[in-house]
Amino acid sequence: MTTAATTRKNAVGTAHTRVEGYDKVTGAARYAGEIPFAGLAHGWLVLSTVARGRIRSVETAEVLAMPGVLTVLHHGNAQRLNTGYIGLMGVPDPTCAVFQQDRVPFMGWPVALVVAETSEQAREAAEALVVRYEEEPHDIAFAADRPDVYLVDQGPAPAETGKGDVAAGLAASAVVVDAEYTTPEEFHHPMEPHAATARWDGDLLDVVDSNQGATWVVSELANLFSLDPASVRVRSEHVGGGFGSKGVRAHQVAAVMAAAALRRPVRVVLTRRQMFSLTGYRSPTIQRLRLGADADGRLRALEHSSVSLTSTVYEFLEPAAAASRALYDADAHHTVNRVVRLDVPTPSWMRAPGEAPGSFALESALDELAEKCGIDPIELRVRNEPERGPVSGLPFSSRNLIACFREGARRFGWADRDPRPGVRREGRWLLGTGTASACFPVIAWPSTAAVTAEADGTFTVRIAASDIGTGARTALTLVAADALEVAPDRVRVRIGDSNFGPATIAGGSMGTRSWSWAITAAAAELRERLASGAGIPPEGITVRSDTTEAVGALSEKERHSFGAQFAEVAVDVATGEVRVRRMLGIFAAGRIVNPLTARNQFTGGMIWGISMALHEEAVRDRASGGHYGADLAGYHVATHADVPHVEADWIDDPDPDDPVGIKGIGEIGIVGAAAAVANAVRHATGVRHRSLPIRPDRVILAGAGGTADAGGTGTVRGTGTGAAGGTGAAGEARA
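The structure reproduced in this document is the subject of the present report.

From N to C terminus, the chain includes 18 helices and 26 strands. For 735 residues, the compact-globule estimate of 2.2 N^0.38 gives 27 Å, and the chain sits close to it at 27 Å. Judged by the C-alpha coordinates and their principal axes, the chain covers about 85 × 75 × 50 Å. Counting all 735 residues of the chain, 59% fall into the buried class. Of the contacts made within the chain by residues no fewer than 6 positions apart, 82% connect residues no fewer than 24 positions apart. When the accessible area of the chain is evaluated, it comes to approximately 27200 Å², of which 51% is carbon and sulfur surface.

Rendered as structure tokens:
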């Protein structure tokens with residue numbers, strides 16, 4: 001006899017529209033800055049106008065007399081906070097511990113909070129507040145050869161890894177690439193600004209916030225304000241984008257502090273301009289790649305060194321050299337990350353931290369090597385495919401990078417590519433194609449979840465997950481439905497509330513993987529209890545899971561998502577215009593839970609890669625220490641006219657060590673995308689651009705006989721033909 005369970009189609013792997021989609025398009029879904037509170041007051045942050053010095057005075061008398069103004073908090077009257085702790089993410093950034101000192105370490109440092117009855121009154125008063133400074137000379141000069149550059153580890157990842165003798169390997173190589181690549185300061189800037197509302201109910205603190213992890217925010221606020229974590233509740237039901245920026249920031253702490261002072265709810269929303277100094281950014285990088293290979297392209301030596309910057313108050317690393325630790329092997333293999341402290345705001349995690357800028361340098365250098373060896377760029381990668389982790393020596397859980405290249409080459413028409421640069425022309429346009437590898441680590445962190453069988457036959461899942469626009473709420477609905485063996489419309493997933501128990505952040509491409517693991521475990525136990533045949537009481541039957549032990553028992557392996565990026569560009573060397581005509585990404589990123597939202601994630605990352613390659617660049621004024629054009633008019637991003645046909649797809653690649661087979665897809669889409677575009681520009685024009693973005697002025701300068709590397713520096717030597725010919729993987733794929 002056929003049962004309903006055996007005929008039911010799995011929900012995971014089928015396309016589903018977002019379960020909250022209707023609420024979002026009709027406005028029923030409310031974000032952190034929209035939720036009403038009785039007696040709500042509004043705070044407006046005042047930021048420093050100098051890049052280094054001391055606050056001499058905060059002249060509050062006239063501001064306090066302005067209409068609606070309730071208080072002005074600053075270092076002279078603010079509540080003292082606890083800063084001597086180690087939180088979930090390590091030592092906290094002192095920028096979050098607002099108004100604790102008179103020192104100013106960078107332009108845009110929070111110096112005061114004006115609170116008023118309305119947002120307009122708070123803004124007017126904040127703009128009228130006079131703050132006097134004792135200004136000191138500042139230093140924002142970023143360079144790799146500074147004497148104060150130093151090594152820094154990234155959590156458990158060491159600053160430096162190495163094996164073999166790089167110098168000897170290079171000396172014995174037939175072909176050598178030695179080049180410097182640079183990437184600029186870049187910003188996340190999600191559509192929804194950062195916003196938080198704090199309300200005290202006796203000793204209980206309630207915060208409605210836009211964040212990437214309620215558990216994380218609870219932990220930091222409890223530590224800063226010396227509270228029992230059980231007395232802090234953080235809610236974040238809908239989040240309009242995060243990309244690494246929505247952690248614990250100054251505005252949340254300021255809102256809590258003001259609410260405590262006034263004993264009424266206080267909301268603080270950051271402006272777009274304030275986000276440039278308070279919500280993190282991607283550090284600029286200076287990277288040197290030294291590759292040595294035999295004439296057949298097999299690597300003898302690989303060295304990848306990177307320098308990034310951080311603030312003088314907090315140590316943050318953009319680990320760009322880590323991009324080389326899993327992709328390619330050589331007998332001599334060396335990677336190192338260094339950092340320098342400057343009078344600038346603290347950088348932060350930004351989509352694919354380390355891997356995004358690191359892949360630009362690494363994959364550009366591989367392209368240069370392929371050309372000097374006279375080998376097809378895909379074939380070069382095939383010949384250097386490692387059997388085990390190049391640094392760790394551990395086995396890969398699965399590695400389907402070459403399968404991605406073969407499928408992508410077939411669909412992109414790579415075999416028909418003329419490898420010679422600068423020969424394809426269409427009117428005023430020079431045409432070129434490029435490719436690059438993508439790789440991002442797979443991570444799982446412990447989480448808890450509760451699943452309730454309701455008396456009406458439905459199921460409720462509660463987990464402190466955060467859907468930052470990825471479609472996580474929908475993906476978790478599908479995972480829960482399959483784990484419970486019911487249709488998705490019988491499952492309701494509630495997220496974004498710290499009262500649901502500890503859960504990991506939405507970051508590092510680990511959210512859906514970690515949360516699904518917890519939901520699957522709770523659902524399995526609930527099914528066992530329901531199998532006994534006992535009835536469901538009116539309050540339902542609830543089972544809670546905790547994956548700490550299961551995640552901790554994972555064997556040591558190299559776990560990564562992989563991908564192959566392809567781009568076609570058109571370049572007008574007279575005007576400097578670069579147009580990306582089409583992009584294709586093929587990914588091996590575990591089991592795809594929801595193809596509809598997954599494709600959005602992949603293509604979104606690829607589009608960001610276009611923006612990274614051609615547009616995004618924040619520039620600091622050395623005289624003031626602040627940005628030129630700290631807004632979305634001055635900071636250029638790709639718009640509709642810049643985005644061509646972008647196609648993303650995937651191959652079957654379930655993770656054998658995950659209960660659902662998930663790896664993670666949030667960041668892999670941007671990795672290698674900028675390199676593919678840059679390699680395509682090289683193929684179109686014959687000029688190598690080693691500095692991003694590839695601006696029109698750089699294209700014009702190179703076309704007029706300027707520097708051949710268009711910004712970076714480099715030398716190459718070799719015995720190859722330079723034709724980059726051969727069919728390699730492309731020929732095999734087409735066959």
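So that's the structure; there's more coming.
Looking now at the environment of Val-91. Tracing the backbone shows Val-91 in the loop between strand E3 (69-74) and strand E4 (103-104). Its relative accessible area of 48% is what places Val-91 among the partly exposed residues. Expressed as a C-alpha distance, the spacing of Val-91 and Glu-315, which sit 224 residues apart in the sequence, is 9.2 Å.

Turning next to the packing of helix H12 (residues 472-484) against helix H13 (residues 511-530). If you want to describe how two helices pack, look at the angle between their axes and the distance between the axes. Between H12 and H13, the shortest axis-to-axis distance is 9 Å and the interhelical angle comes to 30 degrees. As summarised for this structure, H12 and H13 are arranged roughly parallel, according to the angle between their axes. Considering the relative orientation of H12 and H13, their crossing is right-handed. Contact with H12, carried on its side by Ala-472, Ala-475, Leu-476, Val-479, Ala-480, Ala-483 and Leu-484, involves Thr-512, Trp-515, Ser-516, Ile-519, Thr-520, Ala-523, Leu-526 and Arg-527 of H13 and no other residues of that element. Tallied by class, the residues present in the contact of H12 with H13 amount to 11 nonpolar, 3 polar and 1 charged.

What follows covers the pattern of salt bridges. What the rule picks out here adds up to 53 salt bridges. A salt bridge links Arg-682 to Glu-371; its shortest N-O distance comes to 2.3 Å. Taken as a pair, Arg-682 in helix H16 (residues 673-685) and Glu-371 in helix H9 (residues 355-373) lie far apart in primary sequence, 311 residues in all. With a shortest N-O distance of 3.1 Å, Lys-557 and Asp-657 are connected by a salt bridge. You can see Lys-557 sitting in the loop between helix H14 (548-552) and strand E23 (560-572) and its partner Asp-657 sitting in the loop between strand E25 (645-650) and H16, a full 100 residues away along the chain. Here Lys-557 falls in the partly exposed class, since its relative accessible area comes to 29%. Taken together, the salt bridges that share partners define one network made up of Glu-407, Arg-410, Arg-411, Arg-599, Glu-647 and Asp-649.

Buried together is how nonpolar side chains tend to be arranged in soluble globular proteins. With 81 residues, the main nonpolar core has Leu-291, Leu-369, Phe-566, Val-569, Met-583 and Phe-602 as its most contacted residues. Leave out the neighbours within four places in its chain, and Leu-369 touches Val-175, Val-177, Leu-291, Ala-293, Leu-299 and Leu-380. Counting 43 residues, the second-largest nonpolar core is a separate cluster that includes Leu-47, Ala-78, Ala-198 and Leu-278.

Right, let's talk about unusual backbone geometry for a bit. Each neighbour pair has its own omega, and for Leu-692 with Pro-693 the value is -5 degrees, a cis peptide bond. Secondary-structure assignment places Pro-693 in the loop between H16 and helix H17 (696-703). You will see that Phe-99, though not glycine, has its phi angle at about 60 degrees, which is positive. Its place among the elements puts Phe-99 in the loop between E3 and E4.

Bringing the packing of aromatic side chains into the picture now. Considering all chains together, one arrives at 15 aromatic pairs under this definition. On the numbers, 5.4 Å between centres and 80 degrees between planes, the contact of Phe-106 with Trp-109 is edge-to-face. The exposure classification of Phe-106 matches that of Trp-109, with both residues buried. Note on Phe-396 and Phe-562: the rings are 6.3 Å apart at their centroids and 65 degrees apart in plane angle, and the pair reads as edge-to-face. Placement of the pair is Phe-396 in the loop between helix H10 (377-383) and helix H11 (401-412) and Phe-562 in strand E23, with a sequence separation of 166 residues. For the residue pair Phe-396 and Phe-562, the accessibility class agrees, reading buried in each case. One aromatic cluster is present, built from ring pairs that chain together Phe-187, Phe-276, Tyr-281 and Tyr-635. Taking the ring centre of Phe-412 as reference, the NZ or CZ of Arg-582 above it sits at 3.8 Å. We note Arg-620 situated over the ring of Tyr-281; from NZ or CZ to the ring centre the distance is 5.9 Å.

Moving on, we come to the sheet that holds strand E10 (residues 195-201). Strand pairing in a sheet relies on backbone hydrogen bonds. The paired strands run either parallel or antiparallel. Spatially, 7 strands are ordered E3-E5-E1-E13-E10-E11-E12 in an open sheet, and the strand pairing comes out mixed. Single-partner strands in this sheet number two, and they are E3 and strand E12 (232-235). Averaged over all pairs of adjacent strands, the angle between strand axes in this sheet comes to 20 degrees, irrespective of strand direction. Seen against the sheet, helix H4 (residues 119-128) touches strand E1 (41-47), E3 and strand E5 (110-116) and runs at an angle of roughly 25 degrees to E1. In this fold helix H6 (residues 214-224) packs onto strand E11 (204-209) and E12, with an angle of close to 145 degrees to the strand it touches most, E12.

Here we take up the side chain of Asn-384. Tracing the backbone through its elements, the reader meets Asn-384 in the loop between H10 and H11. Within the structure, Asn-384 has its side chain in polar contact with the backbone oxygen of Gly-297 (distance 2.9 Å). Among the polar contacts made by the side chain of Asn-384, one reaches the main-chain carbonyl oxygen of Leu-380 at a distance of 2.9 Å. Excluding residues within four positions of it along the chain, Asn-384 makes contact with Gly-297, Arg-298, Leu-299, Leu-327, Tyr-328 and Asp-329.

Reading the values: the criteria
Residues numbered from 1 in each chain as written. Predicted model: local features only at pLDDT ≥ 70, side-chain atom pairs only at ≥ 80, totals over all residues. Heavy atoms only, no water. Helix = DSSP H or I, 4+ residues; strand = E, 2+ residues; numbered from the N terminus. Rg over C-alpha atoms; globule rule 2.2 N^0.38 Å. Buried < 20%, exposed > 50% of the residue type's maximum accessible area, 1.4 Å probe, protein only. Contact = heavy atoms within 4.5 Å. Areas by Shrake-Rupley, 256 points an atom, 1.4 Å probe, with all protein chains shown as cover. Axes fitted to C-alpha atoms, helices over the stretch in contact; angles between N-to-C directions. Parallel < 35°, antiparallel > 145°, perpendicular 65-115°, else oblique. Left-handed = near helix turned anticlockwise from the far one by under 90°. Nonpolar A, V, L, I, M, F, W, Y, C, P; charged D, E, K, R; others polar. Salt bridge = Lys/Arg side-chain N within 4 Å of Asp/Glu carboxyl O. Core = buried A, V, L, I, M, F, W, Y, C linked by side-chain atoms within 4.5 Å. Phe/Tyr/Trp six-rings, centres within 6.5 Å; stacked < 30°, edge-to-face > 60°. Lys NZ or Arg CZ within 6 Å of the ring centre and 35° of its normal. Pairing = 2+ DSSP bridges. Polar contact = N/O pair within 3.5 Å; in protein donor to acceptor, adjacent residues only side chain to side chain.

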